[in-house]
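# Structural description and commentary
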Amino acid sequence: NAGVTQTPKFQVLKTGQSMTLQCAQDMNHEYMSWYRQDPGMGLRLIHYSVGAGITDQGEVPNGYNVSRSTTEDFPLRLLSAAPSQTSVYFCASMRGTEAFFGQGTRLTVV
Amino acid sequence: DQQVKQNSPSLSVQEGRISILNCDYTNSMFDYFLWYKKYPAEGPTFLISISSIKDKNEDGRFTVFLNKSAKHLSLHIVPSQPGDSAVYFCAASSGYSTLTFGKGTMLLVSP
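To keep things clear, this report deals only with the structure shown in the data block. Owing to the predicted nature of the structure, the values given are computational and were not obtained by experimental measurement.

### Considering the side chain of B:Q6
Residue and element names in this part refer to chain B. With respect to the helices, strands and loops of the structure, Q6 is situated in the loop between β1 (4-5) and β2 (10-14). Reaching out from Q6, the side chain makes a polar contact with the backbone oxygen of Y88 at a distance of 2.9 Å. In terms of polar contacts, Q6 uses its side chain to reach the backbone amide nitrogen of C90, at 3.0 Å. The contacts of Q6, once residues within four sequence positions are left out, are N22, C23, W35, Y88, F89, C90, G102, K103, G104 and T105.

See below:
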């Protein structure tokens, strides 16, 4: 019973590097989203998807790209990492109004 | 502009006592409210929710109260246990849409 799986758990990037944070869910949920958590800022929505082929921006989308080619997967891409993107990233899938979160990816950009 | 506000960054309570965590919202379109609990190095986990058509929902030691006229909800934990020590996030949604989270309240329950 995996639920929402995020990889990697930890990552250190140099400024300007690119990378993809992976997210997969096995609950057949249509709705998936990415949040970032920063100290004193709570959880802020980056991008979300209401189904395969459909994505939209959240509160803090700049610097991030997403795509949704399958129901199961919702990767988050950083094209040119910046120190301001140092954060903990959480992927979530939703059943109705209840969100199920992954364990998070701690990203440090130096 | 924050639509969901948790004005207390932290709360300390003794074991066995009641913990009350508060949350205010500004968006009148919100019709569903949730509380999430988060331990360090883990993802948030769903705790309890309430629809805007109700004013109270209870699940074991956890009760959520909603006051729509005041745009205020609270989470009561009775009795509090050391294992309840975590960060608690209040979240709100309108229809089947995105969740808007507050900044969180860190609860510390001491033995």
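### What about the pattern of salt bridges?
Pairing between side chains of opposite charge can happen when the charged atoms of each approach one another. On inspection of all chains with the given rule, the structure shows six salt bridges over all chains. Notably, a salt bridge pairs A:E98 with A:R95, separated by 3.4 Å at the nearest N-O pair. Look at A:E98 and you get buried, because its relative accessible area is 17%. One salt bridge in this structure joins B:K37 and B:D84, with 3.9 Å as the shortest N-O distance. Linking B:K37 in strand β4 (residues 32-38) with B:D84 in the loop between β8 (72-77) and β9 (86-93), this pair joins segments that are 47 residues apart in sequence. Comparing B:K37 with B:D84 shows no difference in burial state: the two are buried. Sharing partners across several salt bridges, the network here consists of A:R36, A:D38 and A:R44.

### Some details on the layout of surface pockets
Taken as a whole, the largest pocket spans an internal volume of roughly 660 Å³. For the lining of the largest pocket, the secondary structure elements donating two or more residues are β4 (31-38), β9 (87-95) and β11 (105-109) of chain A together with β9 and β11 (105-110) of chain B. Residue composition of the lining of the largest pocket, by class: 14 nonpolar, eleven polar and seven charged. By volume, the second largest pocket amounts to about 330 Å³. As for the second largest pocket, its lining consists of 17 residues, and the residues nearest its centre are A:R44, A:E59, B:Q3, B:T100 and B:F101.

### Here we look at the interface of chain A and chain B
At the junction of the two partners, chain A supplies 18 residues and chain B supplies 19 residues. Summing both partners gives a buried area of about 1500 Å² for chain A against chain B, and 65% of it is carried by carbon and sulfur. The tally of links between chain A and chain B comes to zero salt bridges. The tally of links between chain A and chain B comes to three residue pairs in polar contact (both at pLDDT 80 or more). Looking at the side of chain A that touches chain B, the elements with two or more residues in it are β4, β5 (42-51), β9 and β10 (98-101) of chain A. It is β5(A) that contributes the most residues to the side of chain A that touches chain B, four residues altogether. Taken together, the residues of the side of chain A that touches chain B sort by class into ten nonpolar, seven polar and one charged.

### Observations concerning the state of the cysteines
Counted under the stated rule, the structure contains two disulfides over all chains. One disulfide in the model links A:C23 with A:C91; its S-S distance is 1.8 Å. Linking A:C23 and A:C91, the disulfide has an S-S dihedral of approximately -70 degrees and is accordingly described as left-handed. In this pair, A:C23 is assigned in strand β3 (residues 19-25) and A:C91 in strand β9, connecting sequence segments 68 residues apart. A residue is classified by how much of its surface remains accessible, and A:C91, at 0% relative accessible area, is buried. Across the disulfide from B:C23 sits B:C90; the S-S distance is 2.0 Å. Its S-S torsion of approximately -75 degrees makes the covalent link between B:C23 and B:C90 left-handed. Note that B:C23 is positioned in strand β3 (residues 19-25) and B:C90 in strand β9, a separation of 67 residues in sequence. In this structure, B:C23 and B:C90 share a single accessibility class: buried.

Reading the values: rules and limits
Residues numbered from 1 in each chain as written. Chains lettered and ligands numbered in written order. Predicted model: local features only at pLDDT ≥ 70, side-chain atom pairs only at ≥ 80, totals over all residues. Heavy atoms only, no water. Helix = DSSP H or I, 4+ residues; strand = E, 2+ residues; numbered from the N terminus. Polar contact = N/O pair within 3.5 Å; in protein donor to acceptor, adjacent residues only side chain to side chain. Contact = heavy atoms within 4.5 Å. Salt bridge = Lys/Arg side-chain N within 4 Å of Asp/Glu carboxyl O. Buried < 20%, exposed > 50% of the residue type's maximum accessible area, 1.4 Å probe, protein only. 1 Å grid on protein atoms, 1.4 Å probe; cavity = no way out; pocket = protein on both sides within 12 Å on 5 of 7 lines; lining within 4 Å. Points joined across faces, edges and corners; volume = space filled by probe spheres on them. Nonpolar A, V, L, I, M, F, W, Y, C, P; charged D, E, K, R; others polar. Buried area = accessible area lost by both parts, 1.4 Å probe. Disulfide = S-S within 2.5 Å.

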